[in-house]
Every structure is written in C-alpha cells, then in structure tokens.
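# Remarks on the overall topology
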Amino acid sequence: MTKNKTILRALAGETLPTPPIWMMRQAGRYLPEYRATRAKAGDFLSLCYNPELAAEVTLQPIRRYGFDGSILFADILLVPQALGADLWFVTGEGPRLSTITTKAEMEALKPADAIHDHLAPIYETVRILSRELPEETTLIGFAGAPWTVATYMIAGKGTPDQGPAHALKDENPEVFDALMERITLATIEYLDMQIQAGAEVVKLFDSWAGSLQGTDFDRYSTEPLRQIISALKARHPHVPIIAFPRGAGARFANLHAATGADCIAIDDGVSAEWVAEHVQPNGCVQGNLKSSHMVTGGDALVQETRAIVDALSKGPHIFNLGHGITPDADPENVQLMIDTVRGTRG
Ligand SMILES: Cc1c2[nH]c(c1CCC(=O)O)Cc1[nH]c(c(CCC(=O)O)c1C)Cc1[nH]c(c(CCC(=O)O)c1C)Cc1[nH]c(c(C)c1CCC(=O)O)C2
C-alpha cells in the first residue's frame, strides 16, 4: 500500500522525481462544489459535524485535481468545543468562543478524555474517507497545536497579535499552563482516535507560533508539539507527523530534531534555497508557495512553483502552499500549479 502512496514515501525520507502535492484548505470556498455542499449543510459547523457531507467536501478537490493527499474536513476549534467552550462562526468575521481567563472557567472545562462523544462524527468522517479515497491518496488527519488553540480560547476570537493569550501567559501562568496542558492531553486523545479511524498521517497546525519570542517559542510551541508527537509515536510508531509552526523563521532549522516531527511545514517567510540548505537535510519539508499566487496566477505562479520544486529537488519534499488557499482564489490557477509541478504543461 505504502508503495503507491507518494506522500508516505516522501515522509519516510525518499527523494521522489516529482514531489507529491496537496494544498492547505484545499476543500474550501474557492470551489463552487464546496459552496453548494456547505449551503446544503446550512452552516460551516453543521458541515463539520455531518460525516457524509464532510467526507463529500473532502473528496471534491481529489476528484477535481487528483491531489496526492486528502486532509480531513474539520476545524481546529472543534477541540475547544468538545472541552465545553461555546463556539460559533460570524459570517464575514470568523470564529467566536466563550473565553477562558479565570481559574473557575478553566476548572469548568471537561477532562481531556471526555471529548470523544462530541467528536464521534469526525471519527466517522475519517472512516468514510478511508473507505472511499483512491488507493494512491494519503489521508491526513489534523489538530491545532496547543498555543494556537489557546489563543482562540483565551481571546474568544482570532486576534492580530494574540495579545490576550500573551497577557494571560505573563499575568496568570497558573491558569495559562493548566489550559495548555488540557489542550495538549485532549489533542493526543483526538489524534489517537483519528489514527484508529484510518488517518495515515497527522498534522499539527501552530498557526500563531510566530508571535512567541525567545524561550516562549520553545516552551509554548516546540515543547507541546514534542509532547504530543512523542505520545502519538509511543502508540503509533509508524504514523508520520507533520508540524506547522507558522512564522518560525530561522527556528525552522532545528524543528525536526526538537519536535520529533517527520516533516516540517514551512510558510512563505523564508526562501526555498534557505530551506534546502538548513531544514531539508533534517527531514521532509512541505510548503512555501505564497497563497496569493492562487489568486493572481500567470507567469509568476509558474516561475515561483518551478523555483520551489527545483530548490527542494535533492531531498524529501511535499509540494504545498505556505498557508491556506483563500476564497478569492481561481480554481484554474490551482490546476496550473499542479501541471507545473508535474511537468504536464509548458
Ligand atoms: C486558525 C485555524 C482555524 N482552522 C484551521 C486553522 C489553522 C490553519 C490556518 O492557520 O489556516 C485549520 C483548518 N480549517 C479548515 C481545515 C480543513 C482542512 C483543509 O482543507 O485544510 C483546517 C485544517 C476548514 C475551514 N475552517 C474555516 C473554513 C471557512 C468556513 C466557511 O466555509 O465559511 C474552512 C473551509 C473557518 C475558520 N476556522 C478558523 C478560522 C480563523 C476560520 C475563519 C476564517 C475564514 O472565514 O476564512 C480556525
């Protein structure tokens, strides 16, 4: 099985003649078929908790483009909801949650092992996908990393500089550390269940790691990632893990070793040449193409795609964007990117 799955081969350290491809947020609003299914589900959260429809939107970009990897359709904020936080989405604005800033609010959360009833529909989506995906397509499960999830739980929404989370960390470390620990333990249980349901790879999204400075980065991004990865490796030694500490900059260089991840996902803040020299010697890398190319397309997209493929051609590489594709992207540009990577156009 692994033989046909190019993503698993790259994650095992193999250098392939053509890198496998998938895309963050590949199931999303830039696709008309996604918008149609989401309308049928009612709203975003109803779509996440409807296993048939969530599996359907996960499969849409695989049918349209033949990506080598398929990421489960869900959201990183389902774990806070499973721990007892209120969660809703405001159209045009983003997520809203009840906040955790006091000891009493922290103590009202559920224990980490009490999340599974709430998350059962997600495990069902994974089971459907593991039956229905083409045999060469790798099924990727995911969760948010503790710092990123905590930033939403503390502020109750997305924040440009994660100010409320930094404030709680500095002013009330007792509550902050308890919250980080609860999320860490819940994430281990959640990803364990996704793997048992059929996820072949799991990815940890630390989208706001870049606002952690100095030793805070080690303590609140790298260390929880390391804990989650080591617990999962103890239970599932052969399941590869991708970590995405977005905004890590020069610190990307030692994160394979520091976290134990098989692959480090890279944003667009460093050059592909720098990644080839400083990160790829330590293991598989993924990412780096600016998402904005999916909006603008043209020669710049082709040239930048080729430059990344060339720069990373001497080691294990999975082609991906540096962050999620945006709703204003043109589906034609995604096809142009894929054809450029696979050498089937121009
Ligand atoms: C921070 C974060 C979230 N969610 C996620 C992150 C980390 C990755 C990143 O940095 O982008 C991760 C995520 N969110 C979603 C996935 C599914 C898998 C995939 O295709 O990548 C994944 C892996 C679907 C989604 N999650 C969301 C959408 C859009 C919802 C819709 O259909 O209206 C999708 C497809 C909503 C979401 N979910 C979240 C926000 C801030 C928003 C609103 C942003 C927006 O409106 O564009 C929280």
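On a predicted model such as this, the values are computed, not experimentally measured, just so you know. (Residues numbered from 1 in each chain as written. Predicted model: local features only at pLDDT ≥ 70, side-chain atom pairs only at ≥ 80, totals over all residues. Heavy atoms only, no water.)

## Some points on the overall build of the chain
The criterion, for reference: Elements are defined by DSSP. Helices are runs of H or I of four residues or more, strands are runs of E of two residues or more, and each kind is numbered from the N terminus. Our radius of gyration is a C-alpha quantity, and the globule rule it is checked against amounts to 2.2 Å times the number of residues to the power 0.38. Note on exposure labels: buried denotes an accessible area under 20% of the residue type's maximum, exposed denotes more than 50%, and partly exposed covers the range between, all computed with a 1.4 Å probe on protein chains only. Throughout, a residue-residue contact means that at least one pair of heavy atoms, one from each residue, lies within 4.5 Å. Residue exposure ignores everything except the shown protein chains as possible cover, and the areas themselves are Shrake-Rupley values with a 1.4 Å probe. None of His or the chain ends enter the tally, which takes Lys and Arg as positive and Asp and Glu as negative. The location of each charge is read from NZ of Lys, CZ of Arg, CG of Asp or CD of Glu.
Scanning the chain from terminus to terminus reveals 16 helices and 9 strands. Taken against the 2.2 N^0.38 rule, which gives 20 Å for 346 residues, the C-alpha radius of gyration of the chain at 19 Å falls within 12% of a compact globule. Taken along the three principal axes of its C-alpha coordinates, the chain extends 60 × 45 × 40 Å. By residue count, 57% of the 346 residues in the chain fall in the buried class. Of the contacts formed within the chain by residues at least 6 apart in sequence, a portion of 72% connects residues at least 24 apart. As displayed, the chain offers around 13,800 Å² of accessible surface, 50% of which is attributable to carbon and sulfur atoms. Here the chain contributes 30 positive and 42 negative side-chain charges, whose respective centroids are spaced 3 Å apart.

## Examining unusual backbone geometry
Unusually for a residue other than glycine, Arg25 sits at a positive phi of about 60°. For Arg25, the position within the fold is in the loop between helix 1 (6–11) and helix 2 (32–41). Non-glycine residue Asn288 carries a positive phi angle of around 95°. Examined against the element boundaries, Asn288 turns out to sit in the loop between strand 8 (284–287) and helix 14 (293–296). Residue classification places Asn288 among the buried positions, given a relative accessible area of 7%.

## Observations concerning the environment of Lys40
Relative to the elements of secondary structure, Lys40 occurs in helix 2. Looking at Lys40, the relative accessible area reads 65%, which means it is exposed. Sequence-wise, Lys40 and Ile76 are 36 residues apart; in three dimensions their C-alpha atoms are separated by 22 Å.

## Focus on the side chain of Thr37
The cut-off we apply is this: Here a polar contact is taken to be a pair of N or O atoms separated by no more than 3.5 Å, where protein atoms must pair a possible hydrogen donor with a possible acceptor and residues adjacent in sequence count only if both atoms sit in side chains.
Within the fold, Thr37 resides in helix 2. From its side chain, Thr37 meets the backbone oxygen of Glu33 in a polar contact 3.0 Å long. Beyond its immediate sequence surroundings of up to four residues, Thr37 is in contact with Leu47, Leu53, Glu56, Val57 and Gln60.

## Considerations on the sheet that holds strand 5 (residues 201–206)
Cut-off, in case you're wondering: DSSP bridges decide pairing: two strands pair if at least two such bridges lie between them. To define axes, lines are fitted to C-alpha atoms, for helices over the stretch in contact only, and angles between the resulting N-to-C directions are given on a 0 to 180 degree scale.
Taken in spatial order, the 7 strands make up an open sheet running 1-4-5-6-7-8-9, and their pairing is parallel. Each of the sheet's edge strands pairs with one partner strand only, and the pair in question is strand 1 (69–71) and strand 9 (317–318). In the sheet, strand 4 (residues 138–144) pairs with strand 5 via 5 bridges, with the strands oriented parallel. Note that in strand 5 the partner of Gly144 across the bridge is Phe205. Sitting on the sheet, helix 10 (residues 173–197) touches strand 4 and strand 5, and the angle it makes with strand 4 is about 165°.

## Quick notes on the pairing of strand 8
For clarity, the cut-off: Throughout, right-handed denotes a crossover for which the path from the first strand over the helix to the second runs clockwise when the strands point away from the viewer.
Bridge count between strand 7 (residues 263–266) and strand 8: 4 bridges; the pairing is parallel. Paired with Cys263 across the bridge in strand 8 is Cys284. Of the crossover connections in this fold, the one passing from strand 7 over helix 13 (residues 272–278) to the parallel strand 8 is right-handed. Where strand 8 lies against strand 9, 2 bridges are found, and the strand directions are parallel. Residue pairing for strand 9: Val285 is matched across the bridge by His317.

## Brief notes about the UniProt feature "site: Transition state stabilizer" (unreviewed entry) in the chain
Rules: UniProt positions are given in the numbering used here, feature names are shortened, and annotations may be inferred rather than shown by experiment.
Using the residue numbers shown here, the UniProt feature "site: Transition state stabilizer" (unreviewed entry) corresponds to Asp75. Here Asp75 shows up in the loop between strand 1 and helix 5 (78–82). Accessibility expressed as a relative area gives 14% for Asp75, which makes it buried. Each residue touching Asp75, except ones within four places of it in the same chain, is listed here: Phe44, Cys48, Phe89 and Phe142. Within the structure, Asp75 has its side chain in polar contact with the backbone nitrogen of Leu77 (distance 3.0 Å).

## As for the packing of aromatic side chains
The condition is simple: Centre distance within 6.5 Å is the pairing criterion for rings of Phe, Tyr and Trp, where only the six-membered ring of Trp is used; planes under 30 degrees apart are then read as stacked, over 60 as edge-to-face, and the remainder as tilted. A positively charged side chain is recorded as over a ring if its NZ (Lys) or CZ (Arg) lies within 6 Å of the ring centre. The angle to the ring normal must also be within 35 degrees.
Across all of its chains, the model carries 9 aromatic pairs by this definition. Taking the centre distance of 6.1 Å and the plane angle of 65° together, the rings of Trp147 and Phe176 count as edge-to-face. Here Trp147 is found in helix 8 (residues 146–155), whereas its partner Phe176 is found in helix 10, with 29 residues between them in sequence. Phe176 shares its class with Trp147; the two are buried. Among the aromatic residues, ring-to-ring pairing joins Tyr34, Phe44, Phe73 and Phe89 into one connected group. Geometry around Phe244 places Lys203 over its ring, the cationic atom sitting 4.9 Å from the centre. The cationic tip of Arg251 hangs over the ring face of Phe217; the distance from NZ or CZ to the ring centre is 3.9 Å.

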